[in-house]
Amino acid sequence: MLRGNKIGLRARHEDDIPVLRTELYDDVVNSSRAEAGPWRPVAPGSDDPRLVVNDTDERSVRFSVVELEGGTLIGTATLWGIDNHNRIAHIGLGLLPSSRGKGYGTDVVATLCHYGFVVRGLHRLQIETLADNTAMLRSAEHNGFVREGVLRSSAWVMGEFMDEVLLGLLVRDWKKRIGVDG
Ligand SMILES: CC(C)(COP(=O)(O)OP(=O)(O)OC[C@H]1O[C@@H](n2cnc3c(N)ncnc32)[C@H](O)[C@@H]1OP(=O)(O)O)[C@@H](O)C(=O)NCCC(=O)NCCS
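Residues numbered from 1 in each chain as written. Predicted model: local features only at pLDDT ≥ 70, side-chain atom pairs only at ≥ 80, totals over all residues.

As annotated in an unreviewed UniProt entry, the chain is GNAT family N-acetyltransferase from Streptomyces adustus.

**Q** Would you explain the site of the ligand in this entry?
**A** Around the ligand, 21 residues are found, and the nearest of them are L95, R100, G105, A135 and R138. Elements with a minimum of two residues in the shell around the ligand: α2 (28–34), β5 (88–95), α3 (104–119) and α4 (134–141). No other element matches α4, which puts five residues into the shell around the ligand. Here the residues of the shell around the ligand are counted per class, giving six nonpolar, 11 polar and four charged. (Near = placed C-beta within 6 Å. Helix = DSSP H or I, 4+ residues; strand = E, 2+ residues; numbered from the N terminus. Nonpolar A, V, L, I, M, F, W, Y, C, P; charged D, E, K, R; others polar.)

**Q** What is the right way to look at α3 in this model?
**A** What sets the pattern is the α-helix's 3.6 residues per turn: residues three or four places apart point alike. Compared with the 22 Å implied by 1.5 Å per residue over 16 residues, the 21 Å span of α3 between its first and last C-alpha is a close match. Taken as a whole, α3 has its buried residues at Y104, G105, T106, D107, V108, V109, T111, L112, C113, G116 and F117. Once α3 finishes, G121 follows within two positions and takes phi at roughly 65 degrees, a positive value. (Expected span 1.5 Å × (residues − 1). Buried ≥ 20, exposed ≤ 12 C-beta atoms within 10 Å, placed from the backbone.)

**Q** Teacher, can you tell me more about the UniProt feature "domain: N-acetyltransferase" (unreviewed entry) in the chain here?
**A** If you check UniProt for "domain: N-acetyltransferase" (unreviewed entry), the listed places come out as residues 15–163 in our numbering. The span residues 15–163 shows a helical share of 27% and a strand share of 33%, and its end C-alpha atoms are spaced 36 Å apart. (UniProt positions renumbered as here; feature names shortened; annotations may be inferred.)

**Q** Can you help me understand the environment of V66 in this one?
**A** With respect to the helices and strands, the residue V66 is situated in strand β3 (residues 61–67). Considered as a pair, V66 and M1 are 65 residues apart in the sequence and their alpha carbons are 10.0 Å apart. If sequence neighbours within four positions are ignored, V66 has contacts with I7, G8, R10, G71, T72, L73 and I74. (Contact = placed C-beta atoms within 7 Å.)

**Q** Could you clarify how one ought to interpret the nonpolar core in this entry?
**A** As a rule of thumb, nonpolar side chains are buried together in soluble globular proteins. Grouped together as the largest cluster of nonpolar side chains are 28 residues, with contacts concentrated most on V65, A77, I91, V108, L112 and C113. Elements with a contribution of two residues or more to this core: β2 (7–10), β3, β4 (73–83), β5, α3, β6 (124–130), α4 and β8 (160–170). Here this core takes six residues from α3, the largest share from any one element. Excluding residues within four positions of it along the chain, I91 makes contact with L79, V109, L112, L125 and I127. (Core = buried A, V, L, I, M, F, W, Y, C linked by C-beta atoms within 7 Å.)

Shown next, in the form of structure tokens:
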């Protein structure tokens, strides 16, 4: 398990799946805002790749997020679009509603940076989020991500086009921030 200050990133367990399905992916508004595609209901027993991890997919790594104290499941975190030639990947996360706004998101981003830069040897991490997602923007910026551009009207969300913000972090800047040489 990867450990942050308050959260851990561990493998998906069978009993995480119904909780994530009902509390995260059954939420039409949250799913429409967080996913690139349209919301659809997820049936119990479905092998939806967001829930059932495919270990042979080399381009993404899916974690369940737990509280370090007690081990309660609080969400999901993903390193996706892993490109080992350009050494780039994207970060995604979603916390259960009761676990938002407590500083966990910032800690999840920090822990994913450690995984991406140290464990995987990546050079650049990237996040795309809706321009009004203050909690995601701040979780990223608290970890040194820089706003690199606005993707105008790039996301169809619940009846309207919305802008997305593209944020990036380079390993050299991350190392300076956390005080590691190199
Ligand atoms: C986005 C998300 C991961 C952020 O995690 P979080 O634990 O809620 O965020 P934190 O508690 O670490 O807060 C980070 C910052 O955002 C601010 N913030 C938190 N919730 C907020 C809200 N609802 N509105 C405005 N600001 C908010 C916090 O005050 C903090 O800023 P500060 O330290 O400068 O005060 C989480 O809210 C979530 O899962 N949301 C739904 C799914 C989603 O949007 N995923 C991202 C898709 S790209």
